[in-house]
Amino acid sequence: RANSISFVGLGRMGSEMASNLFSKRIADENNSRFVVFDAVPEVAARFIIEFRKQFHSANITAVDNPEEATLASGTIITMLPSSPHVRQVYLDSSGIIPTLRSMPPLDASNTLCIDSTTLDVQVGRDVAAEAQAAGAGMVDAPVSGGVTGAKAGTLSFLVGGSEQSFTRASPILAHMGQRIIHCGPAGSGLAAKICNNLVLGVEQIVVAEAMLLGQRLGLDPAVLAGVINNSTGACWSSSVNNPVPGALPDKSPPCERGFEGGFATGLMIKDMGLATDVSKESGSPVPLAEAAEKIYIEAVRRYPELSRKDFSAVYEYLEGMKR
Ligand code: NAD
């Protein structure tokens, strides 16, 4: 188990993260073993085929459930859509925590769980407490940087957990990201991630509004983007994820490929919901997050295909709105 890593959830982010982690691990140690699991077996099978194109003799297998992933490896990384999936993978009868409880105490204490999902802070804290009670270490380590950052290995990890678990997790996270920030005890990484995405969700709508207004005032989108990106309005949504084709000199934003890939609007709705929910619990006002959440929900109600497209596609929804 010591040389084995299990990765659970090989979607847009997980597949890129696992690919970086496994390939860097192979470069470090030639006896590494990898185990993958996804709720959709074809997704795991496709990942193995792609990985073997680069590393023909890699010791990598797919398993049928989180229990097998736990029995196989001392390091388990999960990258799932949200709270219900994390509860299921960790707490169900064939989940990670019941499996840890059934193992010899030494094996359980030699296990580290890293959850990179963006989910509810309290669910993250509860799962971490259960993992700790089962003898294992656990950190919440949600990421910032999107699919591009996952692919390039330049993600930022926002980590919550004990000093000891953070120290254990850091070298593993360093294979998938550039910045690893210890935000505090369990749940702190999630709290930081939710606050960051609150900014992002609002910012992307504001950039879409400004890019649309500017064009209707006769501005060339490339000129307008150049102005904003060299002025006080500059932000990631305008300089990297600009929603107007041709606005940026490079052709990498999702708008250049019909808003495919990137960060799904459905996931942004989930993240705005996480922010507005915790704001009620904590009594902290978030009027702009509430307005943004409504806009994304309405966009998907009007155009259901936007749910899986990048959230910058909110631009298309605004474009179709009458004032
Ligand atoms: P995704 O939907 O592409 O991938 C999720 C994967 O998890 C899928 O392959 C799915 O089959 C699998 N899965 C679902 N339930 C499962 C279960 N019970 N057991 C095993 N596998 C299961 O999502 P994504 O874009 O990779 O995002 C993952 C997480 O990362 C989300 O919490 C998201 O908010 C966060 N995130 C995404 C981005 C982005 O740009 N896509 C950026 C930062 C953070």
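Cut-offs used in this document
Residues numbered from 1 in each chain as written. Predicted model: local features only at pLDDT ≥ 70, side-chain atom pairs only at ≥ 80, totals over all residues. Domains from an automatic or database assignment. Contact = placed C-beta atoms within 7 Å. Nonpolar A, V, L, I, M, F, W, Y, C, P; charged D, E, K, R; others polar. Buried ≥ 20, exposed ≤ 12 C-beta atoms within 10 Å, placed from the backbone. Helix = DSSP H or I, 4+ residues; strand = E, 2+ residues; numbered from the N terminus. Pairing = 2+ DSSP bridges. Right-handed = clockwise from strand over helix to strand, strands pointing away. UniProt positions renumbered as here; feature names shortened; annotations may be inferred. Core = buried A, V, L, I, M, F, W, Y, C linked by C-beta atoms within 7 Å.

S.K.: Can you help me understand the domain arrangement of the protein chain in this one?
M.R.: Accessible area lost upon the coming together of the parts is a frequently used measure of interface size. Parsing the protein chain into structural domains produces domain 1 (4-186) and domain 2 (192-319). Between domain 1 and domain 2, the residue contacts involve 13 residues of the former and 13 residues of the latter. Of the residues that constitute the side of domain 1 that touches domain 2, the class distribution is six nonpolar, five polar and two charged.

S.K.: Please explain the pairing of strand E8 (residues 155-160) as it appears in this structure.
M.R.: Looking along a regular strand, one sees the side chains alternate between the two faces of the sheet. With five of six residues buried, E8 lies mostly within the body of the structure. With six bridges joining them, E8 and strand E9 (residues 177-184) adopt parallel strand pairing. By the bridge assignment, leucine 158 is partnered in E9 with isoleucine 181. In terms of handedness, the path from E8 via helix H9 (residues 163-173) over to E9 forms a crossover that is right-handed.

S.K.: Could you clarify how one ought to interpret the UniProt feature "active site" (unreviewed entry) in the protein chain in this entry?
M.R.: Per the UniProt record, the feature "active site" (unreviewed entry) sits at Lys193. By secondary structure assignment, the location of lysine 193 is in helix H10 (residues 188-216). Ignoring sequence-local partners within four residues, the contact set of lysine 193 consists of Thr118, Pro142, Ser144 and Leu158.

S.K.: Before we go on, may I ask you to explain the UniProt feature "domain: 6-phosphogluconate dehydrogenase NADP-binding" (unreviewed entry) in the protein chain in this structure?
M.R.: UniProt records the feature "domain: 6-phosphogluconate dehydrogenase NADP-binding" (unreviewed entry) for residues 5-184 in the present numbering. When the span residues 5-184 is considered, its composition is 49% helix and 22% strand, and the gap between its end C-alpha atoms is 25 Å.

S.K.: Explain the nonpolar core here, please?
M.R.: Generally speaking, soluble globular proteins have nonpolar side chains that are buried together. Ranked by internal contacts, the top residues of the largest apolar core, which has 94 residues, are Val36, Ala131, Ala169, Tyr296 and Val314. At ten residues, the largest contribution of residues to this core is made by H10. Each of domain 1 (4-186) and domain 2 (192-319) contributes no fewer than three residues to this core. Those residues in contact with alanine 131 that lie beyond four places of it in its chain are Ile97, Leu100, Cys113, Ala136 and Met138.

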